[in-house]
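# Coordinate analysis (summary)
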Amino acid sequence: MQLALSTWQEVEEYLRRSDGIVVPIGSVEQHGPNGLIGTDHLCAEVVARGLGDAVGCAVAPTLAYGMSQHHLGFAGSVTLRPATLMLVVRDVVQSLALHGFRRFFFINGHGGNIATVTAAFDEIFAAASLGQGPSVRCRMVFWSGPRCKAISDELYPGVEGRHATASEVSLAQHYQPGHIKHAQMSPKVAANAPHFFDAADYRQRYPDGRIGSDPSLSSPEHGKRLYEAAVLDMTDAYRAFMEY
Ligand code: NI
């Protein structure tokens, strides 16, 4: 059940049977030569909606913007500063909590969000512990679980990398087949330096935006396999969260 496509009466009815909601969160940032700017939020969104269809849970509108300061050296990338993103997460959770939602299952598409969103959850928990906010349960997982890992290990052995991966580009191609891009990439597998700092440092270390990946291997057929696996992975994770 997509929140954005429901009436308030339908949301009230839903809350009589469940207090869980899925919140897709991603980023607006470069994804290498053939990856879409929206890759991270598109991936989180398509998997979250697939989970919603599979188990009948509520799915909130996608939080498209994330913490992407290190990508600002590439056109089209947008960041929320960590403090901003924390406030966005808090306000979304506390608004929905007012109506009775208690369990917030964030499906994430962007590693750069993890530290900030985790800190936002701690702010929400601290407010509850201090008697200044609702008692809720928030958890965030990446959209790809063990079934997806097995597929990416099979399809992209040793070259999945860490950014603009063939897996996420494939999943976005499956979701948006009208927007598949092709590009020459050199080297074929991108550099995989372990650390980066600000946007200028990132661009110097990873000139075309990729980290350790070979997204020339991506395809919508791979994306379909990954999508189906991700929905099963997230179904397991959501059910476990709701029963915890
Ligand atoms: Ni990504």
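Our structure's up above, just so we're on the same page.
Residues numbered from 1 in each chain as written. Predicted model: local features only at pLDDT ≥ 70, side-chain atom pairs only at ≥ 80, totals over all residues. Heavy atoms only, no water.

### Brief notes about the coordination of the nickel ion
- Distances from the nickel ion to its protein donors, namely H31 (NE2), D40 (OD) and E168 (OE), fall within the range 1.8 to 2.1 Å.
- Each donor residue of the nickel ion lies on the same chain, and together they follow the pattern H-x8-D-x127-E. Of this pair, H31 sits in the loop between β1 (20-25) and α2 (39-55) while E168 sits in helix α6 (residues 166-175), and the two are 137 residues apart along the sequence. For the residue pair H31 and E168, the accessibility class agrees, reading buried in each case. (Donors = N, O, S within 2.8 Å, 3.2 Å for Na, K, Ca; no water. Helix = DSSP H or I, 4+ residues; strand = E, 2+ residues; numbered from the N terminus. Buried < 20%, exposed > 50% of the residue type's maximum accessible area, 1.4 Å probe, protein only.)

### Some thoughts on helix α5 (residues 146-155)
- Residues of α5 that are buried include every one of C148, I151, S152 and L155, and no others. Buried residues of α5, seen end-on, are gathered within an arc of 95° and therefore sit on one face of the element.
- The inward-facing, buried residues of α5 abut α6 and α8 (220-243). (Arc of directions from axis to C-beta. Contact = heavy atoms within 4.5 Å.)

### Examining the pairing of strand β3 (residues 103-108)
- Burial runs high along β3: 6 of the 6 residues are buried.
- Residue alternation in β3 divides its side chains into two sets, R103, F105 and I107 and F104, F106 and N108, and both sets are buried.
- Alignment of β1 against β3, held across 6 bridges, turns out to be parallel. Following the sheet pairing, P24 is matched in β3 by I107.
- Note: β3 against strand β4 (residues 137-142), 6 bridges, orientation parallel. Paired with F104 across the two strands is C138, which belongs to β4. (Pairing = 2+ DSSP bridges.)

### Quick word on the sheet that holds β4
- Strand order across the open sheet formed by 4 strands is β2-β1-β3-β4, with parallel pairing between neighbours. Unpaired on one side and paired on the other, β2 (58-59) and β4 mark the two borders of the sheet.
- Bridge analysis of β1 against β2 gives 2 bridges, and the strand direction is parallel. Counterpart to V22 in the pairing with β2 is V59.
- In the packing of α2 onto the sheet, the strands contacted are β1, β2 and β3, and the crossing angle to β1 comes to about 160°.
- Against the sheet, helix α4 (residues 114-129) contacts β1, β3 and β4, and its axis sits at roughly 170° relative to β4. (Axes fitted to C-alpha atoms, helices over the stretch in contact; angles between N-to-C directions.)

### Considerations on the side chain of H31
- Here H31 falls in the buried class, since its relative accessible area comes to 1%.
- Engagement of the side chain of H31 in a polar contact is seen with the side chain of E168, the distance being 3.4 Å.
- When neighbours within four sequence positions are excluded, H31 is seen to be in contact with L36, I37, T39, D40, H163, A164 and E168. (Polar contact = N/O pair within 3.5 Å; in protein donor to acceptor, adjacent residues only side chain to side chain.)

### Brief notes about the packing of α2 against α6
- At a minimum axis separation of 9 Å, α2 and α6 run at an interaxial angle of 65°. In the packing of α2 onto α6, the handedness of the crossing is left-handed. Here α2 contributes T39, D40, L42, C43, E45, V46, V47 and R49 to the contact with α6, which in turn contributes E168, V169, L171, A172 and Y175.
- Grouping the amino acids of the contact of α2 with α6 by side-chain chemistry returns 8 nonpolar, 1 polar and 4 charged. (Left-handed = near helix turned anticlockwise from the far one by under 90°. Nonpolar A, V, L, I, M, F, W, Y, C, P; charged D, E, K, R; others polar.)

### Structural notes on the environment of S18
- Note that S18 resides in the loop between α1 (8-15) and β1.
- For S18, a relative accessible area of 16% puts it in the buried group.
- Linking S18 and Q30, residues 12 residues apart in sequence, is a C-alpha distance of 37 Å.
- Among all residues touching S18, those that are not within four sequence positions of it are Y238 and M242.

### Focus: the packing of α6 against α8
- Their axes nearest at 7 Å, the elements α6 and α8 cross at an angle of 95°. Put simply, α6 runs roughly perpendicular to α8. Contacts from S167, S170, L171, Q173 and H174 in α6 reach P220, H222, G223, K224, L226 and Y227 in α8. (Parallel < 35°, antiparallel > 145°, perpendicular 65-115°, else oblique.)

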